[in-house]
Amino acid sequence: MKSIHLLGIIIPFLIVFYLFSAQGFQIVNGCYGPHITAEISSNEIYVNEMVTITGEICPADPNITIRVTFTRPNYTWIDKFVETDSEGKFSVTQRLDEPGYWNIFPIYGHICDRLYANVTDPKADPTVPLPTVELPPYKPNYLLVSIAGFALAAGAVSAVAGTKNKTRKISSLRLLVQIGFIFLIFFGMFIDHQNIPVPAEQIAPHEVLIGTNIFGVSMPDGLPVPVFGCYYPCGRTITCALWELQTYIYPFWDAGRGWGVDYVSSGVMRLGVVFGSVILLSVLLGKFLCGWICPFGLYMDLVTRLRKTFKIRYRSLSDNFNEKFHQLGYVILALILILSVLFGMQAIADTQVIPETEKGGFVYQYFSAPFCQVCPMKPLCVLLQTSVGLMRPEWLTEATTGDFYQLGYYVTSLNLFSLGVVTLAAFLYRRSWCRICPLGALIALFSRFPPFRWISVVRLDKVEAKCTKCGVCKRVCPTQVTEVYEKKGGDVTSSNCLMCLRCVEMCPYEDALRLKVAGKPIVRSRNWLE
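Residues numbered from 1 in each chain as written. Predicted model: local features only at pLDDT ≥ 70, side-chain atom pairs only at ≥ 80, totals over all residues. Heavy atoms only, no water.

> Explain the overall build of the chain to me, please; I cannot follow it from the model alone.
Regarding its fold elements, the chain presents 19 helices and 21 strands. Looking at the chain as a whole, 51% of its 530 residues are labelled buried. Taking as baseline every contact in the chain between residues at least 6 positions apart, the subset at least 24 positions apart corresponds to 67%. Approximately 24200 Å² of the chain is accessible, and the part contributed by carbon and sulfur atoms is 64%. (Helix = DSSP H or I, 4+ residues; strand = E, 2+ residues; numbered from the N terminus. Buried < 20%, exposed > 50% of the residue type's maximum accessible area, 1.4 Å probe, protein only. Contact = heavy atoms within 4.5 Å. Areas by Shrake-Rupley, 256 points an atom, 1.4 Å probe, with all protein chains shown as cover.)

> Looking at this structure, I do not really get the packing of aromatic side chains. What am I missing?
Any two aromatic rings considered together are summarised by their centre-to-centre distance and by the angle between their planes. Tallying each qualifying case throughout the model produces 19 aromatic pairs. The interplanar angle of 90 degrees and the centroid separation of 5.1 Å between the aromatic rings of Y231 and Y232 together place this pair among those described as edge-to-face. Comparing Y231 with Y232, the two get one shared label, buried. Here the aromatic cluster, defined as three or more aromatic residues joined through ring pairs, consists of Y231, Y232, W243, Y248, F252 and Y263. Over the face of the ring belonging to Y248 we find R270, whose NZ or CZ atom lies 4.7 Å from the ring centre. The aromatic ring of Y314 is capped on one face by R430, whose charged end is 3.9 Å from the ring centroid. (Phe/Tyr/Trp six-rings, centres within 6.5 Å; stacked < 30°, edge-to-face > 60°. Lys NZ or Arg CZ within 6 Å of the ring centre and 35° of its normal.)

> Would you mind going over unusual backbone geometry with me for this structure?
Glycine aside, residues mostly have negative phi angles, and peptide bonds mostly take the trans form. Geometrically, the link from Y250 to P251 is a cis peptide bond, its omega value of 10 degrees lying close to zero. Looking at the element boundaries, P251 is found in the loop between α5 (241–249) and β16 (256–257). Omega for the bond connecting P450 with P451 falls within 30 degrees of zero, at 0 degrees, which places this linkage in the cis form. The backbone of N48 shows a phi angle near 70 degrees, a positive value even though the residue is not glycine. Tracing the backbone shows N48 in the loop between β2 (44–46) and β3 (50–58). Phi is positive for K311, close to 55 degrees, though the residue is something other than glycine. With respect to the helices, strands and loops of the structure, K311 is situated in the loop between α8 (295–309) and α9 (319–343).

> Teacher, can you tell me more about the packing of helix α4 (residues 169–185) against α8 here?
Helix-helix packing is characterised by the crossing angle of the two axes and by the distance between the axes. Relative to each other, α4 and α8 sit at 135 degrees, their axes nearing to 9 Å. For the element pair α4 / α8, the angle class is oblique. With respect to the hand of their crossing, α4 and α8 are arranged in left-handed fashion. Contacts from S171, R174, L175, Q178, I179, I182 and I185 in α4 reach P295, G297, L298, D301 and R305 in α8. Residues that form the contact of α4 with α8 fall into these classes: six nonpolar, three polar and three charged. (Axes fitted to C-alpha atoms, helices over the stretch in contact; angles between N-to-C directions. Parallel < 35°, antiparallel > 145°, perpendicular 65-115°, else oblique. Left-handed = near helix turned anticlockwise from the far one by under 90°. Nonpolar A, V, L, I, M, F, W, Y, C, P; charged D, E, K, R; others polar.)

> Hey, could you run me through the pairing of strand β7 (residues 100–108) in this one?
Along any regular strand, the residues point their side chains to alternate faces of the sheet. Taken across its nine residues, β7 has eight buried, putting it largely inside the fold. Bridging between strand β4 (residues 65–71) and β7 involves five bridges; their strand directions are antiparallel. When the bridges of β7 are listed, F70 appears paired with I104. With five bridges joining them, β7 and strand β9 (residues 115–120) adopt antiparallel strand pairing. Residue pairing for β9: W102 is matched across the bridge by A117. (Pairing = 2+ DSSP bridges.)

> Whenever I open this one, the sheet that holds strand β1 (residues 35–40) confuses me. Can you help?
In sheet architecture, strand pairing relies on hydrogen bonds along the backbone and comes in two forms, parallel and antiparallel. Pairing is antiparallel in the open sheet, where three strands are placed in the order β1-β3-β6. Lying at the two open borders of the sheet, with one neighbouring strand each, are β1 and β6 (89–95). On average, each strand axis in the sheet is tilted by 20 degrees relative to the strand beside it, whichever way the strands run. Sheet topology note: the β3/β6 ladder contains seven bridges and is antiparallel. Its bridge partner being in β6, I53 is matched across the sheet by V92.

> In this structure, what is going on with the side chain of T239? I would like to understand it.
Summarising the element assignment, T239 is placed in strand β15 (residues 239–240). The exposure class of T239 is buried, given its relative accessible area of 0%. A distance of 2.5 Å separates polar atoms of two side chains, one belonging to T239 and the other to R236. Beyond its immediate chain neighbours, meaning those up to four positions away, T239 contacts L209, D221, G222, L223, P224, V225, G229, Y231 and E244. (Polar contact = N/O pair within 3.5 Å; in protein donor to acceptor, adjacent residues only side chain to side chain.)

> Whenever I open this one, the nonpolar core confuses me. Can you help?
As a rule of thumb, soluble globular proteins bury nonpolar side chains together. Core analysis: the biggest nonpolar cluster contains 97 residues, and F228, Y232, F296 and W433 have the highest contact counts within it. Other than its neighbours up to four places away in sequence, F296 contacts F228, P376, M377, L380, L419, V422 and W433. In this structure, V47, V51, I66 and V119 belong to the second largest nonpolar core, which totals 23 residues. (Core = buried A, V, L, I, M, F, W, Y, C linked by side-chain atoms within 4.5 Å.)

> Just checking my understanding: could you explain the state of the cysteines for this structure?
Two cysteines, two sulfur atoms, one covalent bond between them: this is a disulfide. Scanning the entire structure with this criterion turns up zero disulfides. A disulfide-free cysteine, C375 has its sulfur positioned 6.1 Å from the sulfur of C230, the nearest such atom. Its sulfur unpaired, C507 is 6.1 Å from the next cysteine sulfur, which belongs to C470. (Disulfide = S-S within 2.5 Å.)

> Looking at this structure, how should I read the sheet that holds strand β20 (residues 513–517)?
The strand order across the open sheet formed by four strands is β19-β18-β20-β21, and the pairing between neighbours is antiparallel. Edge strands, defined here as strands with exactly one partner in the open sheet, are β19 (490–491) and β21 (520–524). Sheet analysis places strand β18 (residues 458–462) next to β19, joined by two bridges and oriented antiparallel. Across the sheet, the residue bridging to D461 is D491, located in β19.

Shape descriptors only; they carry no functional weight alone.
So, in structure tokens, the structure goes:
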């Protein structure tokens, strides 16, 4: 446990040192990297009135041409070009000639800010709704449909073939379920919006969000689910609960403008929905979410299959170190929440604890949603989507908030480094990331610890009289859980168990291990030796 406590001290120190190291970010005249920030004179105006956009770029270069695009509700647009002054500031005024919702983009190269204006007509009858805009019809992304068909067919073949091998039945079914959930979680990828003319396509495309209004609480980022349904790629139907936990503390604690959305409900209310969703799903499904649904869990399993293809033996951690290693997930989760609260203190308590957390400041530009800046799932998602034409490559390499080597919006060198380390570790140690995943730790908090474990719906049960202590369950567990082997009987589910059911699949004794849902056995171990 000492090593975990030591990591808990070292990691925050390194992050804080990296955050405030001037050399690490090459501060130029108080600027932490290329970005643009802007404000609008009013978000609520009458039709044909004027709005003024003021802003500045960083570094503060003079005579830089800034493009400000005013996108009408009907997806036509007006472009205004203005040069920055000696301090890198600019200002432009425009008459908004159509009622409805306008998106306004001050653009500096590929870096942009996003503003909006609600334009109303005082002479119009308020009971008559505004005419709806007829957009070009959606068209399917045929490349992705083909890939999905091939992947699901491969999963189905594996599931059918697995029935011939008694020790692979559950694993084969799990693979098919995992593949299916990939396309459910990112269903919007099948819908191609790219036929909407530029610059309207700068509005986040491919979004088919569910649960944007929950019990009267506005959730424009979608339903929070504790799996890596990454916020950043296009096409998601749900949103990673960890992203929402971070951003609803900082920088979107207050209702107002977020990254391309309007927050009507307060941060407290939105956080209530997030915690409510996480608690409910954790109680109902527990770490079944990790073993069967999480997209990054599928990636971990595919890396394992690749290792088996090369006939490379995996390595195991000692039981003592593995138990301590699992605790690191709680340390990471605590660090994420502590950092988010410290960053958000200006909005929460009207006191800025850490400098540069205001809009346009260093932390705001580079370290909003701190875990996402190192998350190994984010680059995997966006790089895969770029490869099938769903995201523009320049969105990745020319980030909205900084250079590639810096912390930024989509993909940075730090993200890729994390993905590389996690992939290598998974190649050597089964499901290594899942052992320290902060989302897994969050699920465990609300499923395997009192009082939640008393009402947990999904449990792994062991019949003591039928167990011979053969040790198979301990050897086949991808996260080296020992509780199934060590406990005498009854509920043997642990906080580290992924519910992958590999132990149930491999147990050679009839009905010794059982998956119970609401107290009823659903899957049982079978004697596959006969």
